[in-house]
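Here is how the chains run, residue by residue.
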Amino acid sequence: MRVIDGWLDAARRAPSPHFNARPADEIDLLVLHAISLPRCEFGGPWIERLFVGELTGDEHPDFAELRGLEVSSHLLIRRDGEIIQFVPFDGRAWHAGVSSFEGREGCNDFSIGIELEGCDELPFEPAQYAVLAEVSSAIREAYPAITPRRIAAHSEIAPGRKTDPGPHFDWGRYYQTMGLGARPPLQDAG
């Protein structure tokens, strides 16, 4: 698995209109998220439709608050390990919102966002951990400023506002699968 011209060669592409150019900042942060639409339901087309701008908000009662929302992520890893890329890594995906890492505001400017299909209430699948580790290693090879200390949860860069990837995400398993041992403490997420 490799990053070629900003795209992961193992990912299916579903280009999103919800991104823009990055400022000159170096890409040096990886942000992990979790998403499900509807909440804790998996396998439908709704996440992809949200990120490509095709979700109207009328498809399900839970989607009304998403009407008109312009969000994206660089990648989505489905429960079965399928990888979908919405934004090239050199583009600024709109995944982090109001956020801060090491005193730098606006994490979208310098981060890559990976969404895992999941929710706070349920554990993630073994296939997701295996694929996430492979994807993360490929990204870290292409962007070496993303050190093991520069991989953060959405909840760590937006504390009090976000909870994902949630309490069931096994950081130890993720780091061990990447061959990095235990997760080092973040220098200063917020």
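Our structure is the block above this text.
Note that the structure is predicted; figures quoted are calculated from it, not measured.

A. Main features of the layout of surface pockets. Roughly 750 Å³ of volume is contained in the largest pocket. Lining the largest pocket are 30 residues, and of these A34, I35, L37, L66 and K162 lie nearest its centre. At the level of secondary structure, the elements contributing two or more residues to the lining of the largest pocket comprise strand 5 (29–35) and helix 1 (46–51). Of the residues forming the lining of the largest pocket, the biggest block, three residues, is contributed by strand 5. Here the lining of the largest pocket is composed, by residue class, of 13 nonpolar, eight polar and nine charged.

B. Structural detail: the side chain of H33. Tracing the sequence through the fold places H33 in strand 5. Residue classification places H33 among the buried residues on the basis of a relative accessible area of 1%. Polar side-chain contacts of H33 include one of 3.0 Å to the side chain of H154. When residues no more than four places from it in sequence are discounted, the contact partners of H33 are H95, A96, G113, I114, E115, L116, H154, D164 and P165.

C. Quick peek at the nonpolar core. Formed by 31 residues in total, the largest nonpolar core has its most connected members in I139 and Y174. Contributions of two or more residues to this core are made by strand 5, strand 6 (75–77), strand 11 (111–117), helix 2 (126–142), strand 12 (151–153) and helix 4 (171–177). No other element matches helix 2, which puts seven residues into this core. L50, L55, F63 and F86 belong to the second largest nonpolar core, which has 16 residues in total.

D. How the structure looks around the pattern of salt bridges. What the rule picks out here adds up to eleven salt bridges. A salt bridge links R183 to E156; the shortest N-O distance between them is 2.8 Å. With R183 in the segment after helix 4 and E156 in helix 3 (residues 154–157), this residue pair connects regions lying 27 residues apart in the sequence. The exposure class assigned to R183 is partly exposed, which follows from its relative accessible area of 23%. For E156, a relative accessible area of 23% translates into the label partly exposed.

Cut-offs used in this document
- Residues numbered from 1 in each chain as written.
- Predicted model: local features only at pLDDT ≥ 70, side-chain atom pairs only at ≥ 80, totals over all residues.
- Heavy atoms only, no water.
- 1 Å grid on protein atoms, 1.4 Å probe; cavity = no way out; pocket = protein on both sides within 12 Å on 5 of 7 lines; lining within 4 Å.
- Points joined across faces, edges and corners; volume = space filled by probe spheres on them.
- Helix = DSSP H or I, 4+ residues; strand = E, 2+ residues; numbered from the N terminus.
- Nonpolar A, V, L, I, M, F, W, Y, C, P; charged D, E, K, R; others polar.
- Buried < 20%, exposed > 50% of the residue type's maximum accessible area, 1.4 Å probe, protein only.
- Polar contact = N/O pair within 3.5 Å; in protein donor to acceptor, adjacent residues only side chain to side chain.
- Contact = heavy atoms within 4.5 Å.
- Core = buried A, V, L, I, M, F, W, Y, C linked by side-chain atoms within 4.5 Å.
- Salt bridge = Lys/Arg side-chain N within 4 Å of Asp/Glu carboxyl O.

Geometry only, nothing functional implied.
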